[in-house]
Amino acid sequence: MRRALALAAVLLLAGCSTGPSLENQNAVTEPPGDSHHLTIGSAGFTESDLLAQMYSLLLKQAGYKTSLLTVANRELYEPALESGQIDVVPEYAATFADWLNAKTNGADAPPVGSPDLDATMKALRRLATPRGLTVLAPGRAVDQNAFAVSASYAKQHDLKTLSDLGASGLKVRLAAGDECVQRPYCEPGLKKTYGIDITAVDPKGVGTTQAKRAVQSGQDQMVLTTTTDATLSEFGLVLLADDKHLQNADYVVPVVNRSRAGGEGVTKALGKLNDVLTTADLAAMNQQVDSWRRLAEDVARTYLKDKGLLD
């Protein structure tokens, strides 16, 4: 408990540091650094823990000493990343771009994250660079919002995509967070982009057990979840493909403190994941931790060894 309180205090102090001063925010003033003892941050949920463990293992193999630090609140870990108390974190391109945009330009600033990965990455790097952060290349793995229906419902109505559901004319009660009625990626987007007849939003949360059970029982017809949800099969649910790309490009991207971890060694070590890690891989690893109760470190090590990335 004392250690947790101490870490919280350190990170609260880090929150007072926001990277380069305002007058220097349009220029990168420090060369890329290559500290050989790096702190890897995790946001405290299963997938973030797995990614942090994989980053740590790959960096260790590349000759770095690493330690892991869990900080569940982005409002704390992002300033700590800027100040160099955390050196590397796994992030999600569109979400992090919009978060930095709001921090830089105000909560009412128009979003910069979009379904277009290239445009999203360009905006993200533009916002991250003045803060002393480097955003490494994204791989293939993406953790986006997604929509699932029961497998029996999909089979009965021949549904594979959200376009199929819209074309079917079926009335759909959607289990989701209560904010779904306003978010463009949720009810408004489903209606506008796909023509889906959403009759009501059942406020049971995003991907919660309660929401999935509502769809499993037929009380609701569809649930808002994520592309790496590891438990869909346990409820007899399947994802419908976002074939018109309604959702933002939330690809997994490592973000590093440039002055401590911006060198070629870190970039090369973490870049090895890009060729192998897929959305399906993340979902399978999430399942091993969440459903099979395996340790994230063990799952991460096994995956990297199976892919030939770890000795």
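All figures in this text were calculated on a predicted structure; none of them were measured in a lab. (Residues numbered from 1 in each chain as written. Predicted model: local features only at pLDDT ≥ 70, side-chain atom pairs only at ≥ 80, totals over all residues. Heavy atoms only, no water.)

### Quick notes on the overall build of the protein
Within the protein, the regular secondary structure consists of 13 helices and 10 strands. Expected size for 311 residues packed as a compact globule is a radius of gyration near 19 Å; at 20 Å, the protein falls within 12% of this value. Principal-axis analysis of the C-alpha atoms places the extent of the protein at approximately 60 × 45 × 40 Å. Of all 311 residues assigned to the protein, the portion counted as buried reaches 50%. Considering only intrachain contacts with a sequence separation of at least 6, the fraction spanning at least 24 residues in the protein is 75%. On the protein, roughly 14600 Å² of surface is accessible, and the fraction owed to carbon and sulfur atoms is 51%. Counting 31 positive and 36 negative side-chain charges, the protein places the averaged centre of each group 3 Å from the other. (Helix = DSSP H or I, 4+ residues; strand = E, 2+ residues; numbered from the N terminus. Rg over C-alpha atoms; globule rule 2.2 N^0.38 Å. Buried < 20%, exposed > 50% of the residue type's maximum accessible area, 1.4 Å probe, protein only. Contact = heavy atoms within 4.5 Å. Areas by Shrake-Rupley, 256 points an atom, 1.4 Å probe, with all protein chains shown as cover. Lys, Arg positive; Asp, Glu negative; His and termini not counted. Charge placed at Lys NZ, Arg CZ, Asp CG, Glu CD.)

### Observations regarding the confidence of the model for the protein
Averaged over all residues, the pLDDT of the protein equals 91, while 90% of them reach at least 70. Note that pLDDT drops below 50 for residues 1-27; the model gives that stretch 27 contacts with residues more than four away or on any other chain. (pLDDT = per-residue confidence, 0-100.)

### A word on helix α5 (residues 117-128)
Compared with the 16 Å implied by 1.5 Å per residue over 12 residues, the 16 Å span of α5 between its first and last C-alpha is a close match. Looking at the buried residues of α5, the elements they touch are α4 (93-105), β4 (133-135) and β10 (252-257). Structurally, the start of α5 carries an N-cap: the backbone nitrogen of Asp118 is 3.0 Å from a side-chain oxygen of Asp116. (Expected span 1.5 Å × (residues − 1). Polar contact = N/O pair within 3.5 Å; in protein donor to acceptor, adjacent residues only side chain to side chain.)

### A short note on the pattern of salt bridges
Here the structure, examined in full by the defined rule, presents 13 salt bridges. For Arg173, the salt bridge identified is with Asp202, shortest N-O distance 3.6 Å. In this pair, Arg173 is assigned in strand β6 (residues 171-176) and Asp202 in strand β7 (residues 197-203), connecting sequence segments 29 residues apart. By relative accessible area, Asp202 is classed as buried at 6%. Of the charged contacts, one joins Arg173 and Asp220 as a salt bridge, the two residues approaching to 2.6 Å between their closest N and O atoms. Of this pair, Arg173 sits in strand β6 while Asp220 sits in the loop between α9 (209-217) and β8 (222-226), placing them 47 residues apart in sequence. (Salt bridge = Lys/Arg side-chain N within 4 Å of Asp/Glu carboxyl O.)

### Some remarks on the packing of helix α2 (residues 46-61) against helix α13 (residues 296-306)
Viewed as axis vectors pointing N to C, α2 and α13 meet at an angle of 55°, and their least axial separation amounts to 9 Å. Judged by the angle between their axes, α2 and α13 are oblique. For the element pair α2 and α13, the recorded crossing hand is right-handed. Residues Asp49, Leu50, Gln53, Met54, Leu57 and Leu58 of α2 lie in contact with α13, whose contacting residues are Ala296, Glu297, Val299, Ala300, Arg301, Tyr303 and Leu304. (Axes fitted to C-alpha atoms, helices over the stretch in contact; angles between N-to-C directions. Parallel < 35°, antiparallel > 145°, perpendicular 65-115°, else oblique. Left-handed = near helix turned anticlockwise from the far one by under 90°.)

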